[in-house]
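As a plain string of letters, each chain reads:
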Amino acid sequence: MNYGRVFNNAKWIVVCKVMQSLLQLVVGMLCARFLGPSNYGLLKYAASVVAFVLPFMKLGFDATLVHELVENPRNESKIMGTSITLNLLSSLACIGAVGTFVSVINASEKEKIAVCLIFSISLLFAALEMIQYWFQYKLISKYSSVVMLCAYVVVTAYKIFLLAEEKSIYWFAVSNSVEYGVIAISLIFIYLKKGGKFSFSFDTAKSMLSKSKHYITASLMLVILQNTDHIMLTSIAGNAENGYYSAAITCVAVAEFVYTAIVDSFRPVILENKKNDSEEYKLNMARLYGITLYLAIAQSIAFTVFGKLIVSILYGEEYMASVKVLQILVWFFSFSIMGTVRNVWILAEQKQKYLWIINLSGALFNVVLNAFMIPVWGACGAAFASLLTQFFMNFVLGFILKPIRENNYLIFRGINPTFMIRESRNLISILKNKGKVS
């Protein structure tokens, strides 16, 4: 495995994401304090409604684009041009769907309808942002990472202006579109400067959709998993409970960029290993599991012990109800990262047809648990439901479904302490040698 390229690619992602996350944390904290639990909950409700149409906008290309480029490097321009065109068309349809949904469901709540519609405009720019997967494929994520950081600096300045001027919640809903817009325009500019081209092919479209269709349903089920709790909390317990829950999720996700960087950097190498029938394929999968799971467990322990201090510093006394939610919710992350890594294995093995079974089972499990737990425990009930759902979907189902059982053995191999100690020493040795050479 070329650790040098993977490490260098991940380094750029991590460094830029660290800076972005620090800005996001500070500004998010200020926004949550300014808006209060109720309005903060409303903003997160809008984000959840828009998230429900994201699988249809992305058409599954976010999961298959890197694999498509690895398999067909000569058709690079057709793959990129076709995917962007289809995503733009689907984004327009999805904006219309959001407008229709909120107008029916929230017919008497004009503020809620307006916030959701404003938030949905970001879908148009999110379609263009799909170009970031080309940078992942080339292992030159430093460009996309720097662009995303710059975009968030712009959004940070925008939000600080809103806070200083004490603007309404509508202006905050616009910020998502500003961020996606800056990223999309900048990535396209760099892509063209690096010699990238766009062209459309109906044959390519047909081929790509036939491979990605499994991911549309699977992603929809995943979105239901990730956002049903927000919508059910708002409907059953009110905006404030969703505000407490959202604050806890924001704390849990503060280090998510680290895991994203690691998985994104390993993915092209693992897919290449599988393509070449390399012996390192399973070894790299186990390495990826080991690195991400041990990091997630360490984070969970730290957040459980220091949960009260974290919430107090970030959100203040008004959000202290989020402490117990955070201490429950943080443990779901270890099982969630299992699912993220497993999806790399599923793509490499071309077993996408099982994704909808996994995610549908998890979605139904989650809805049932939320229906029972939210009325009794509110935000804490939603947190318990999320934890149990992730455990069931990303670990228990791995034993129930025989075609994906092999993946669970890779999990056990990855978390074996002896394996991780040996691989950590190898990685440190390789990076030291790389430093000496350079």
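Residues numbered from 1 in each chain as written. Predicted model: local features only at pLDDT ≥ 70, side-chain atom pairs only at ≥ 80, totals over all residues. Heavy atoms only, no water.

A.B. asks: It is not clear to me how the overall build of the protein chain should be interpreted in this structure. Could you clarify?
C.D. replies: Within the protein chain, the secondary structure is distributed over 20 helices and zero strands. Since a compact globule built from 438 residues should have a radius of gyration of about 22 Å, the 21 Å found for the protein chain is in line with a globular shape. Its C-alpha atoms give the protein chain principal-axis dimensions of about 55 × 50 × 45 Å. Residue burial in the protein chain is summarised as follows: out of 438 residues, 53% are buried. (Helix = DSSP H or I, 4+ residues; strand = E, 2+ residues; numbered from the N terminus. Rg over C-alpha atoms; globule rule 2.2 N^0.38 Å. Buried < 20%, exposed > 50% of the residue type's maximum accessible area, 1.4 Å probe, protein only.)

A.B. asks: Is there a simple way to explain helix α16 (residues 332–349) in this structure?
C.D. replies: Each turn of an α-helix holds 3.6 residues, which means side chains three or four residues apart point in the same direction. Along its 18 residues, α16 runs 26 Å from first to last C-alpha, staying within 8% of the 26 Å computed at 1.5 Å per residue. Most of α16 is tucked away: 13 of the 18 residues are buried. (Expected span 1.5 Å × (residues − 1).)

A.B. asks: Quick question: what am I supposed to make of the packing of aromatic side chains here?
C.D. replies: Counted by the stated rule, this structure contains 14 aromatic pairs. Ring plane angle 40° and centroid distance 4.8 Å describe the contact between Y191 and F198, whose orientation is recorded as tilted. Of the residues examined, F198 reaches a relative accessible area of 37% and is grouped as partly exposed. Judged by centre distance (4.5 Å) and plane angle (20°), the ring pair of F365 and F392 falls under stacked. Here the residue F365 occupies a position in helix α17 (residues 355–377), and F392 occupies one in helix α18 (residues 379–400), the gap between them amounting to 27 residues. Looking at K112, its charged tip hangs above the ring of Y45, at a distance of 4.8 Å from the centre. In this arrangement the basic side chain of K167 is found over the ring face of W171, its NZ or CZ atom lying 5.3 Å from the centre. (Phe/Tyr/Trp six-rings, centres within 6.5 Å; stacked < 30°, edge-to-face > 60°. Lys NZ or Arg CZ within 6 Å of the ring centre and 35° of its normal.)

A.B. asks: Would you take a moment to explain the packing of α16 against helix α19 (residues 405–415) for this structure?
C.D. replies: If you want to describe how two helices pack, look at the angle between their axes and the distance between the axes. The N-to-C vectors of α16 and α19 enclose an angle of 125°; their axes lie 11 Å apart at closest approach. The pairing of α16 with α19 is recorded here as oblique in orientation. For the crossing formed where α16 meets α19, the hand is right-handed. Facing M338, R342 and W345 of α16, the residues of α19 in contact are E406, N407, L410 and I411. (Axes fitted to C-alpha atoms, helices over the stretch in contact; angles between N-to-C directions. Parallel < 35°, antiparallel > 145°, perpendicular 65-115°, else oblique. Left-handed = near helix turned anticlockwise from the far one by under 90°. Contact = heavy atoms within 4.5 Å.)

A.B. asks: Help me out: how do you make sense of the nonpolar core in this one?
C.D. replies: In summary, soluble globular proteins display a tendency toward joint burial of nonpolar side chains. The biggest cluster of nonpolar side chains holds 124 residues, and the ones touching the most others in it are Y245, M285, Y315, Y319 and L326. With residues up to four places along the chain from it excluded, the contact list for L326 reads A248, C251, V252, F303, G307, I310 and V311. (Core = buried A, V, L, I, M, F, W, Y, C linked by side-chain atoms within 4.5 Å.)

A.B. asks: I keep staring at the packing of helix α3 (residues 61–71) against helix α10 (residues 202–236) and nothing clicks. Help me out?
C.D. replies: Between α3 and α10, the least distance of the axes is 9 Å, while the angle of their chain directions is 135°. On the basis of the axis angle, α3 is oblique to α10. With respect to the hand of their crossing, α3 and α10 are arranged in right-handed fashion. The segment α3 lies against α10, with F61, A63, T64, L65 and E68 engaging S207, M208, L209, K211, S212 and Y215. The class makeup of the residues in the contact of α3 with α10 is six nonpolar, three polar and two charged. (Nonpolar A, V, L, I, M, F, W, Y, C, P; charged D, E, K, R; others polar.)

A.B. asks: Explain the pattern of salt bridges to me, please; I cannot follow it from the model alone.
C.D. replies: As a working rule, side chains carrying opposite charge can pair if their charged atoms are close by. Enumeration according to the criterion identifies six salt bridges in this entry. Residues K274 and E349 are paired through a salt bridge, measuring 3.4 Å at the closest nitrogen-oxygen approach. Within this pair, whereas K274 is found in helix α12 (residues 256–275), its partner E349 is found in helix α16, the two being separated by 75 residues in sequence. K282 is the partner of E406 in a salt bridge, and the nearest nitrogen-oxygen pair spans 2.9 Å. Placement of E406 in helix α19 and of K282 in helix α13 (residues 280–305) is noted, with a sequence separation of 124 residues between them. Under the relative-accessibility criterion, K282 is labelled partly exposed at 39%. The structure contains a network of salt bridges with shared partners spanning R287, R422 and E423. (Salt bridge = Lys/Arg side-chain N within 4 Å of Asp/Glu carboxyl O.)

A.B. asks: Please clarify how the side chain of E423 should be interpreted in this entry.
C.D. replies: By the element assignment, E423 lies in helix α20 (residues 417–437). The class for E423 is buried, based on a relative accessible area of 8%.

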